[in-house]
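One letter stands for each residue in the lines below.
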Amino acid sequence: MDWAALNTPVIEGFRANGGKVGGRFEGSTIVLVHHIGAKTGTERITPLTCYTENGRLFVFASKIGDPAHPAWYHNLVANPEVTIEVGEDTFAVRARVLDQPERDEIFAKQVEAHPRFGEYQAKTDRVIPVVELVRVS
């Protein structure tokens, strides 16, 4: 799958519309995650569906149920200090992969809000990681 071709119009739409997008992301809270390639050191930007709770931000390494984790997940594990865009705000965060049972609790809430994430989990044998994006003051 050509992720760059899919992501570029989403990123452009996000920036043109104050963080709101249509298509497969319509009705979802979206965050643009600027991450550094674990192998290349190249900065990339990935739009992700974000679950928010009490000011906390969570993203999900679903890769639409693919058997492998997405590249952005590996990049955040290797280089957790990143920048994100939420709405019209841009700020630094530290990525933190959740351990169980917190992962299970947050993932269940995301599935309740967006049932397709349950479908993604059902398509794969791997446990889809949940990553908290903790704002750096």
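Refer to the structure presented above.
It should be emphasised that the depicted structure is a prediction, and the values quoted were computed from it without experimental measurement.

Asks: Pulling in residues and values, what's your account of the pairing of strand 3 (residues 56–60)?
Replies: Burial runs high along strand 3: four of the five residues are buried. Across four bridges, the pairing between strand 2 (residues 43–53) and strand 3 is antiparallel. Across the sheet, the residue bridging to T52 is L57, located in strand 3. Linkage of strand 2 to strand 3, two consecutive antiparallel strands, is achieved through a turn of two residues, within which N54 is found at a positive phi near 50°. As defined by bridge partners, strand 3 adjoins strand 6 (residues 130–135) across three bridges and the pair is classed as antiparallel. Bridged to F60 within strand 6 is V130.

Asks: Explain the side chain of R103 to me, and be specific about the residues and the numbers.
Replies: Take R103: it is sitting in helix 3 (residues 102–113). Overall, the relative accessible area of 7% leaves R103 in the buried class. The contact partners of R103, leaving out residues within four places of it in the chain, are L98, Q121, V127, I128 and V130.

Asks: I'd like to hear about the environment of G118, residue by residue, with values.
Replies: With respect to the element layout, G118 can be found in helix 4 (residues 116–122). With a relative accessible area of 25%, G118 lands in the partly exposed category. In sequence terms G118 and Q100 are 18 residues apart; their C-alpha atoms lie 17 Å from each other.

Asks: Just give me the short version of the nonpolar core, but keep the residues and values in it.
Replies: Counting residues in hydrophobic clusters, the biggest one holds 17 residues, and the most contacted among them are V31, V33, V59, W72, I84, V131 and L133. Mapped onto this core, the elements with two or more residues apiece are strand 1 (30–36), strand 2, strand 3, helix 2 (71–78), strand 4 (81–86), strand 5 (89–97) and strand 6. Among all residues touching I84, those that are not within four sequence positions of it are V31, L32, V33, H34, L57, D89, T90, F91, V93 and L133. Core analysis: the second largest hydrophobic core is formed by ten residues, L98, F117, Y120 and I128 among them.

Asks: Provide a residue-level description of the pattern of salt bridges, including the pertinent values.
Replies: Taken as a whole and judged by the stated rule, the model has ten salt bridges. The closest approach of N and O atoms between E132 and R96, which form a salt bridge, is 2.7 Å. With E132 in strand 6 and R96 in strand 5, the pair connects residues that are 36 residues apart, well separated along the chain. Here K109 and E105 are joined by a salt bridge, their closest N and O atoms 3.3 Å apart.

Asks: Hey, could you go over the pairing of strand 2 for me, with residue numbers and the actual values?
Replies: Examined bridge by bridge, strand 1 and strand 2 share seven bridges and lie antiparallel to one another. Each bridged residue has a counterpart across the sheet, and for V33 the counterpart in strand 2 is T46. Adjacent in sequence and paired antiparallel, strand 1 and strand 2 are bridged by six residues, among which G41 carries a positive phi angle near 75°.

Cut-offs applied
Residues numbered from 1 in each chain as written. Predicted model: local features only at pLDDT ≥ 70, side-chain atom pairs only at ≥ 80, totals over all residues. Heavy atoms only, no water. Buried < 20%, exposed > 50% of the residue type's maximum accessible area, 1.4 Å probe, protein only. Helix = DSSP H or I, 4+ residues; strand = E, 2+ residues; numbered from the N terminus. Pairing = 2+ DSSP bridges. Contact = heavy atoms within 4.5 Å. Core = buried A, V, L, I, M, F, W, Y, C linked by side-chain atoms within 4.5 Å. Salt bridge = Lys/Arg side-chain N within 4 Å of Asp/Glu carboxyl O.

Note that all results are geometric; they support no functional claim without further evidence.
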